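Here is what each chain is made of, one letter per residue.
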Amino acid sequence: MSAPPSVGVVIPTRGDRPGPLREAVAAVLAQDYPGRIAVVVVADGGDAGEPGVPVLANCRTPGLPGARNTGVEALDTDLVAFCDDDDLWLPGKLAAQVRALGGGEFASCAIEVEHGRRRVVRLAGSDTVTVADLVRSRMVMVHSSTFLFRRGVLWADESAPGGQNEDWDLALRAARRQPITYVDRPLVRVRWGGSSHYAARWADRIAGLDWMLDRHPELALDRRGAARVYGQLAFAHAALGRRREAVRWAWRTLGARPGEPRAPIALAVAAGLVPAATVLGLLHGRGRGI
């Protein structure tokens, strides 16, 4: 029998979450996997502390995509996996994904979203994810901390503004090559509380969504998917107090899909009826985002 493929795990960090980083590393190293596991932490402009594994400085474009690519470049393994520094791989994650991947290129799995004291499981309801799936819905359960793929096949795009949507873009490019293999069991715990500041960088969110629309024109062709993106743009502009832009995108949202709930939510934020942070807190508590 051939040896199981070796797996390299890239954990990017800004150095501001030493406790969660150590937990993330420990959860990876605790995986019951018969093949070789190599872990590298990539520090993006900060001090990673003492995570107990090799630490590299991001030598590419500052930001998350550059940090990921720095880690991939340093590895010599058959497969590459990502894990954010505040997320946790659950027992059996790696073995289940490698087994499901077989001769494929790219795998993902379901997640358990942790926000405060609440945990919500997010499933895909399928054993494959296609381009059409990712166009119609961002599919938060196809999360970067679940990515496992053949080294050298794909790289994160470092042109993503503020690192926004680089994981969605990577998944779309992977699915365009062949459907993503999906293990529909929650094998990663995604801890949203530590990343709330990242989700609230509204100017970056707007730039990232514009970038996705330019790179992936198919996003505007699916009415449901287009309405979701337009609604996110409406909400982001509303969160920044740009009422006119929020209204413009809200109307465009309703034109694409009259029942899209992000439009009235964005209009309520734009009108000052509810703060954007309150909306996000309610959604995150249910394992969902805007």
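Before reading further, recall that the structure is shown in the block above.
Counting restarts for each chain, with residues numbered from 1 along the sequence as it is written. Reporting of local features is limited, given that this is a predicted model, to residues whose pLDDT is at least 70; pairs of side-chain atoms are given and counted only at 80 or more, and all residues count toward the totals for whole chains, interfaces and linings. Hydrogens and water molecules were not included; the side-chain quantities draw on all heavy atoms of the structure.

> Can you tell me about the overall build of the protein chain, naming the residues and giving the values?
Helix numbering and strand numbering both begin at the N terminus, where a helix is a DSSP run of H or I of at least 4 residues and a strand a DSSP run of E of at least 2. A tally of helices and strands in the protein chain yields 11 helices and 10 strands. Note that the radius of gyration is over C-alpha atoms, with the globule rule given as 2.2 Å times the number of residues to the power 0.38. Against the compact-globule benchmark of 19 Å for 290 residues, the protein chain has a radius of gyration of 19 Å, which places it among compact chains. Overall, the protein chain is about 60 × 40 × 35 Å in size when its C-alpha atoms are taken along their principal axes. Buried residues in the protein chain amount to 53% of all 290 residues. For the protein chain, restricting intrachain contacts to residue pairs at least 6 apart in sequence, the fraction spanning at least 24 positions comes to 75%. Neither His nor the chain termini are counted; the positive set is Lys and Arg, and the negative set is Asp and Glu. Every charge is mapped to an atom, namely NZ of Lys, CZ of Arg, CG of Asp or CD of Glu. Where the 37 positive side-chain charges of the protein chain centre and where its 31 negative ones centre are 7 Å apart. Only protein chains enter the accessibility calculation, which uses a 1.4 Å probe; a residue is then buried when its area is under 20% of its type maximum, exposed when over 50%, and partly exposed in between. When checking whether two residues touch, look at their non-hydrogen atoms; a contact exists if any pair is within 4.5 Å.

> Could you give an account of the side chain of arginine 262, naming the residues involved and the relevant values?
Looking at where arginine 262 falls in the secondary structure, it is placed in helix H10 (residues 262-270). Arginine 262 gets classed as buried once you look at its relative accessible area, which sits at 17%. Setting aside its immediate chain neighbours within four residues, arginine 262 contacts Arg228, Gly231, Gln232, Gly289 and Ile290.

> Break down the pairing of strand E4 (residues 79-82) for me, citing the residues and quoting the values.
Side chains Leu79 and Ala81 project from E4 onto one buried face, and the interleaved Val80 and Phe82 project onto a second face that is buried too. By the bridge criterion, four bridges tie strand E1 (residues 7-13) to E4 in an arrangement that is parallel. Within the sheet, the bridge partner assigned to valine 10 lies in E4 and is phenylalanine 82. When DSSP finds two or more bridges between two strands, those strands count as paired. As judged from the three bridges shared by E4 and strand E9 (residues 148-150), these two strands associate in the antiparallel manner. Bridged to leucine 79 within E9 is arginine 150.

> I'd like a rundown of the pattern of salt bridges, residues and numbers included.
A pairing counts as a salt bridge when a side-chain nitrogen of Lys or Arg comes within 4 Å of a carboxyl oxygen of Asp or Glu. Taken as a whole and judged by the stated rule, the model has 22 salt bridges. As a salt-bridge pair, aspartate 16 and arginine 14 come within 3.3 Å of each other at their nearest N and O atoms. The closest approach of N and O atoms between aspartate 76 and arginine 36, which form a salt bridge, is 3.0 Å. Residue aspartate 76 is found in the loop between helix H2 (64-74) and E4, and its partner arginine 36 is found in the loop between helix H1 (18-29) and strand E2 (37-43); the two are separated by 40 residues along the sequence. In this structure, a network of salt bridges that share partners links the residues Asp157, Asp169, Arg173 and Arg215.

> So what about the pairing of strand E6 (residues 106-115)? Which residues, and what values?
In terms of burial, E6 is a largely internal element, nine of the 10 residues being buried. As defined by bridge partners, E6 adjoins E9 across two bridges and the pair is classed as antiparallel. From the neighbouring strand, phenylalanine 106 faces E9, where its bridge partner is phenylalanine 149. Of the strand pairs in this sheet, E6 and strand E10 (residues 180-191) are connected by eight bridges, and their pairing is parallel. By the bridge assignment for E10, isoleucine 111 is matched with valine 188.

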